[in-house]
Amino acid sequence: MKDNNLWLTIPEAAKYMGIKVPTVRKYLRLGTLPHARHGKIIRFKKQGLDNFLDPDEKAIGDYWLKHQHDKDA
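Before going into details, it helps to say that this report is about the structure given with it. In this text the structure is predicted, and so the values were computed from the model without any measurement.

**What to know about the overall build of the protein chain**
So, step 1. The helix and strand inventory of the protein chain stands at 4 helices and 3 strands.
So, step 2. Element order for the protein chain, N to C, with α for helix and β for strand: β-α-α-β-β-α-α.
So, step 3. In the protein chain, which comprises 73 residues, the proportion classed as buried is 29%.
So, step 4. Considering only contacts within the protein chain whose residues lie at least 6 apart along the sequence, 48% involve residues at least 24 apart.
So, step 5. Accessible area of the protein chain: about 5,100 Å², with a carbon and sulfur share of 52%.

This is how it looks when you write it as structure tokens:
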């Protein structure tokens, strides 16, 4: 099985992306973070998170980069 096909929990996704759990939850509320929901269970594929973080892969990466400067200020 490829590593990118693994499903991650919210804390695992936060650690993988280098952000905090509340930030992952914020992106979920905004509808910008690709995920799968099975009832109350939320999981993320690594490939989806990579696409979110990589501005060359998806337009959503532009959203990520645009808001990074707010975090650093």
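**A short note on the nonpolar core**
So, step 1. Among the nonpolar cores identified, the biggest contains 14 residues, and Ile-10, Met-17, Val-24, Leu-28, Leu-33, Phe-44 and Leu-49 are the most heavily contacted of them.
So, step 2. Looking at this core, the elements that each hand over two or more residues are helix H1 (10-17), helix H2 (21-30), strand S3 (41-45) and helix H3 (46-53).
So, step 3. With 4 residues, the single largest contributor to this core is H1.

The rules we used
Residues numbered from 1 in each chain as written. Predicted model: local features only at pLDDT ≥ 70, side-chain atom pairs only at ≥ 80, totals over all residues. Heavy atoms only, no water. Helix = DSSP H or I, 4+ residues; strand = E, 2+ residues; numbered from the N terminus. Buried < 20%, exposed > 50% of the residue type's maximum accessible area, 1.4 Å probe, protein only. Contact = heavy atoms within 4.5 Å. Areas by Shrake-Rupley, 256 points an atom, 1.4 Å probe, with all protein chains shown as cover. Core = buried A, V, L, I, M, F, W, Y, C linked by side-chain atoms within 4.5 Å.

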